[in-house]
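The residues making up each chain are set out below.
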Amino acid sequence: MAKPRKDDAPAVDWPAVARLMLTSRAIDEIEENELVPAGKVTYQFSAKGHELSQVLLGLRLTQGHDAATVYYRSRPFMLAAGLTPREAFAADMARTGSPSEGRDVGVVYSMPPRRGVTVLPSSGDVGAQYTPAAGWAQAITYYQNELKDKSWDNALAVALGGDGSVAANGFWAALTIATTLELPMLFFIEDNGYGISVPRHFQTPGGNIADNLASFKNLKILQGPGTRPDTTPALIDEAVSHVRSGNGPCLLRLEVVRLHGHTFGEDQTAYKSAEQIEAEHARDPLTAVRTHLGKSFDWDSLRAEVEQDVRAQLAAAESNPDPAPDTALQHAFSGHAASQVPPPDSTQPAAAYSAPQPDGPRINFSEAIRRTLESELAANPKLLVFGEDVGPRGGVHRVTLDLQAKFGDRRVFDTSLSEEGIIGRAAGLAMAGLRPVPEIQFRKYADPAHEQIHDTGWVRWRTAGKFAAPVVIRIPVGYSKKTGDPWHSVSGEAIYAHMVGWQIAYPSNAEDAAGLLRTALRQSDPTIFLEHRALYDTPTGRKPWPGADYCLHFGQASIVQPGTDLTLVSWGEMLHRCLEASQSFAGAVEIIDLRTISPWDKETVLASVRRTGKALIAHEDTRTAGFGAEIAAAIVEEAFTDLDAPVRRIAVPDIPIPFNIPLMNAAVLPSIEDLRAEIQSLLEW
Ligand SMILES: Cc1ncc(C[n+]2csc(CCOP(=O)(O)OP(=O)(O)O)c2C)c(N)n1
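Residues numbered from 1 in each chain as written. Predicted model: local features only at pLDDT ≥ 70, side-chain atom pairs only at ≥ 80, totals over all residues. Heavy atoms only, no water.

1. Examining the overall build of the protein chain
Working step 1: Helix and strand counts for the protein chain come out as 23 helices and 22 strands.
Working step 2: The C-alpha radius of gyration computed for the protein chain amounts to 28 Å, which stays within 12% of the reference 26 Å derived for 685 residues, consistent with globular compactness.
Working step 3: Projected onto its principal axes, the C-alpha positions of the protein chain cover 95 × 55 × 45 Å.
Working step 4: The buried share of the protein chain, reckoned over its 685 residues, is 60%.
Working step 5: Look at the contacts in the protein chain between residues 6 or more apart in sequence, and 80% of them connect residues 24 or more apart.
Working step 6: For the protein chain, the accessible area works out to roughly 25,400 Å², and carbon and sulfur atoms hold 53% of it.
Working step 7: One way to put it: in the protein chain the 64 positive side-chain charges average out to a point 4 Å from where the 84 negative ones average out. (Helix = DSSP H or I, 4+ residues; strand = E, 2+ residues; numbered from the N terminus. Rg over C-alpha atoms; globule rule 2.2 N^0.38 Å. Buried < 20%, exposed > 50% of the residue type's maximum accessible area, 1.4 Å probe, protein only. Contact = heavy atoms within 4.5 Å. Areas by Shrake-Rupley, 256 points an atom, 1.4 Å probe, with all protein chains shown as cover. Lys, Arg positive; Asp, Glu negative; His and termini not counted. Charge placed at Lys NZ, Arg CZ, Asp CG, Glu CD.)

2. A closer look at the sheet that holds strand E4 (residues 185–191)
Working step 1: Here we have six strands laid out as an open sheet, ordered E2-E1-E3-E4-E8-E7, and parallel in their pairing. Looking at the sheet topology across the chains shown, the edges are occupied by strand E2 (117–120) and strand E7 (220–225). With direction set aside, neighbouring strand axes in the sheet form an average angle of 20 degrees.
Working step 2: Where helix H6 (residues 169–180) meets the sheet, its contacts fall on E4 and strand E8 (250–255), and the angle it forms with E4 comes to roughly 145 degrees. (Pairing = 2+ DSSP bridges. Axes fitted to C-alpha atoms, helices over the stretch in contact; angles between N-to-C directions.)

3. Regarding the site of the ligand
Working step 1: Residues in contact with the ligand amount to 15 residues; listed here are only the nearest, Tyr71, Tyr72, Arg73, Gly164 and Tyr194.
Working step 2: One nitrogen or oxygen atom from the main chain of Ser165 is found 3.0 Å from an oxygen atom belonging to the ligand.
Working step 3: With the chains in place, 71% of the 590 Å² that the ligand exposes on its own is no longer accessible.
Working step 4: Looking at side-chain class alone, the shell around the ligand contains five nonpolar, seven polar and three charged residues. (Near = heavy atom within 4 Å. Polar contact = N/O pair within 3.5 Å; in protein donor to acceptor, adjacent residues only side chain to side chain. Nonpolar A, V, L, I, M, F, W, Y, C, P; charged D, E, K, R; others polar.)

4. Comments concerning the sheet that holds strand E22 (residues 648–652)
Working step 1: If you trace the five strands from one edge of the open sheet to the other, you get E17-E19-E18-E21-E22, paired in mixed fashion. With partners counted over all chains shown, the strands left at the sheet margins are strand E17 (558–561) and E22, one partner each. Neighbour-to-neighbour, the strand axes of this sheet turn through a mean angle of 25 degrees, independent of strand direction.
Working step 2: As paired elements, strand E18 (residues 566–570) and strand E19 (residues 589–593) share five bridges and run parallel to each other. Paired with Leu568 across the bridge in E19 is Ile591.
Working step 3: Seen against the sheet, helix H23 (residues 672–683) touches E18, E19, strand E21 (615–622) and E22 and runs at an angle of roughly 170 degrees to E22.

5. Topic: the packing of aromatic side chains
The relative placement of two aromatic rings is captured by the distance of their centres and the angle of their planes.
Working step 1: One pass over the full model with this rule turns up 15 aromatic pairs.
Working step 2: Geometrically, the ring pair formed by Trp136 and Trp152 is tilted, given 5.7 Å between the ring centres and 40 degrees between the ring planes. Of the two residues, Trp136 sits in helix H5 (residues 130–145) while Trp152 sits in the loop between H5 and strand E3 (157–162), which places them 16 residues apart along the sequence.
Working step 3: For Trp136, a relative accessible area of 3% corresponds to the buried category.
Working step 4: The exposure class of Trp152 is buried, given its relative accessible area of 4%.
Working step 5: On the numbers, 5.8 Å between centres and 75 degrees between planes, the contact of Phe171 with Phe187 is edge-to-face. Of this pair, Phe171 sits in helix H6 while Phe187 is found in strand E4, placing the two residues 16 residues apart along the sequence. (Phe/Tyr/Trp six-rings, centres within 6.5 Å; stacked < 30°, edge-to-face > 60°.)

6. Brief notes about the pattern of salt bridges
Working step 1: Per the stated rule, a full pass over the model turns up 47 salt bridges.
Working step 2: The partner of Lys48 in a salt bridge is Glu32, and the shortest N-O contact between them spans 2.9 Å. With a gap of 16 residues between them, Lys48 in the loop between helix H1 (14–35) and helix H2 (51–60) and Glu32 in helix H1 connect regions that are remote in the sequence. Like Lys48, the residue Glu32 is buried in the burial classification.
Working step 3: Among the ionic pairs, Arg443 bridges to Asp447, the shortest N-O distance being 3.8 Å.
Working step 4: Taken together, the shared-partner salt bridges connect Glu367, Arg370, Arg371, Glu374 and Lys406 into one network. (Salt bridge = Lys/Arg side-chain N within 4 Å of Asp/Glu carboxyl O.)

7. Re the side chain of Glu32
Working step 1: A residue is classified by how much of its surface remains accessible, and Glu32, at 5% relative accessible area, is buried.
Working step 2: Among the polar contacts listed, one links the side chain of Glu32 to the side chain of Ser46, at a separation of 3.3 Å.
Working step 3: Among all residues touching Glu32, those that are not within four sequence positions of it are Pro37, Gln44, Ser46, Lys48, His260 and Phe264.

8. Structural notes on the packing of H2 against helix H8 (residues 232–244)
Working step 1: Put simply, H2 and H8 touch, their axes get as near as 10 Å, and they point 40 degrees apart. Judged by the twist between their axes, the crossing of H2 over H8 is right-handed. Of the residues in H8, those in contact with Leu52, Ser53, Leu56, Leu57 and Arg60 of H2 are Thr232, Pro233, Ile236, Asp237, Val240, Ser241 and Arg244.
Working step 2: Its residues placed into classes, the contact of H2 with H8 shows six nonpolar, three polar and three charged. (Left-handed = near helix turned anticlockwise from the far one by under 90°.)

9. So, the domain arrangement of the protein chain
Working step 1: Its domain assignment divides the protein chain into domain 1 (14–318), domain 2 (364–545) and domain 3 (558–683).
Working step 2: Relative to domain 3, the C-alpha centre of domain 1 lies at a distance of 52 Å. (Domains from an automatic or database assignment.)

10. Details of the nonpolar core
Working step 1: If you look at the biggest cluster of nonpolar residues, it comprises 81 residues, and the most contacted ones within it are Phe171, Phe187, Leu594, Ile631 and Ile635.
Working step 2: Residue contributions to this core peak at nine residues, all from H5.
Working step 3: Apart from the residues lying within four places of it in its own chain, the contact partners of Leu594 are Ala557, Val569, Ser570, Trp571, Trp600, Asp601, Val605, Phe627 and Ile631.
Working step 4: Judged by nonpolar contacts, the second largest core, of 60 residues, contains Val17, Val41, Leu160 and Leu314. (Core = buried A, V, L, I, M, F, W, Y, C linked by side-chain atoms within 4.5 Å.)

11. As for the pairing of strand E1 (residues 66–69)
Working step 1: Across the two faces of E1 the burial is the same, with Asp66 and Ala68 and Ala67 and Thr69 all buried.
Working step 2: Pairing of E1 with E2 involves four bridges; the strand directions are parallel. Within E2, the position partnered with Ala67 by the bridge is Thr118.
Working step 3: With three bridges joining them, E1 and E3 adopt parallel strand pairing. Residue pairing in the sheet places Ala68 in a bridge with Val158 of E3.

12. Re unusual backbone geometry
Working step 1: A cis amide bond links Val341 to the next residue, Pro342, at an omega of 0 degrees.
Working step 2: Positive phi is not limited to glycine here, since Glu182 has a value of about 50 degrees.
Working step 3: Within the secondary structure, Glu182 sits in the loop between H6 and E4.
Working step 4: Of note in this structure, Ile196 is not a glycine but carries a positive phi near 55 degrees.
Working step 5: Mapped onto the fold, Ile196 is located in the loop between strand E5 (194–195) and strand E6 (198–199).
Working step 6: With a relative accessible area of 42%, Ile196 lands in the partly exposed category.

Pasting the structure below:
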């Protein structure tokens, strides 16, 4: 049975609604008729027809910890949430003084809270807006139930999306999370009948997602017109009240009209008849609100006033300068932002770098990671560990063994089988101020999450430092000590080196793993933490526990073996093969463990190559465009005159890791013998 409603909807302030709708309409028309033709706005997404539903929603999100993920047609909502027309124009003209300071498409909004709702950084990827909202909704329940923070009571998260977006993976991932966990999340679907030109019946059978979800458990379904002042407010109130009252998620489908093409310049007549376009204009919500306000309301004066204000704000936006070229590289990583979402949390332990304090016998690589997670879970009540099978089973690699028993199932939990859901949810949790540590079961299975990994990494850059999403993703990589295969043995670090904003750790031993993981968990850049499967419980990966406060800098390579004639750079499990191969060349080979791929310690590598005059890079990722290529290029660019031989790479050929063990060992993985031969050849050069 539904819980009683906790907030009775305030009466609609129709003049305020009309003002916001007219403001949105005026911005659209000035852009369409003047700024696009003048070349001042290059991407224009009209919200004409969507204004009423969005403004009504925006005016209801005032709790303080409410959050919304929006999409490119959400400007009316943004205006209701506090965005100024000057900012809206500045955003579309890519100027400073806009949410992204000219970095992102103008309508790809984000906004720290103003009137009570945080607008999480939206995405240009349709469907990607849903799972971060689910993460924020889960954070609401965590603050309420675990941290007993009353200020989060009755908060909600909403994701706005169109009828096309309900076919996207992110929609289904978030729907599963929100319904299985009964989260305070609203799916606000504005159904205008088309995704660009594709009609709604291509997105869901029969064209009505609300009808199709009628039997979905734990989901309140509401639907109706989104353009009618007599019925739309009650639908939105019911949806918002249902979610705020702790009754679980709700999907509200509102029928709206898209009065303009998808973007400026798009001709709707290719897929809509003249009669249909005329019928849609007859449902213009602006006309309906004017009628609703009645003849006694001075509509023309309000419209003239709004027009004057919007034009003044346009003039102000035109005076905003373009972003200075020397700012373009800022905010890829932390270091600039003073007031970001989430705000810095003084209760979280900070990374303090020190020498390791070896304590006890050598422990497994996996045990070092498990102990680090355990000590950080104890030190930071906002830290959450989750993923597939990480709960009672302790993870398929047993790295989270017993953590749920020790810290409870709100802090260490199993998730639904959706990597997009795991990472998108993590981004929402992080922006709500928690410290998510998701596990992806195997490197290949991160593929469905790559959209969210991409979008999470560059949150800071896209919002010019206003938002940060310090997620730490643990991913097992590489072949295992028993076997390989194409699915469980991918190394694949180079792909992440291309994703902006991520730190990447690839440790080779238990001590470094503990130090790098703790550092990642105590600072504010997102981190991909790669754990080689063949190191988990083998002697090569073992080292003593370095102490419960040990933090190791990212970007600080280790010279694990000094040598005079050749620099050999490696990381992860391959490093141990290099060490063994080099034993035949006493004193000749200097071996560098890179430890982290992003940032990577170019200085240490170059200084070594300048001493030895020769360089070899060995890795388990495939050869073409592997990270070795980057290192080789840097050496050639910056230490060319010090070289006495060509820079060489040894890597997996450009094929997957085979299942057959002799095939894997003899033909694919660089072996000790391969390494020896390559070292020999370079030393003899
Ligand atoms: C993942 C992804 N695929 C394709 C696109 C290109 N695209 C942009 S908008 C859009 C249609 C979305 O339609 P809908 O969700 O109904 O929203 P509407 O534009 O109708 O408001 C498409 C296909 C995209 N941005 N992202």
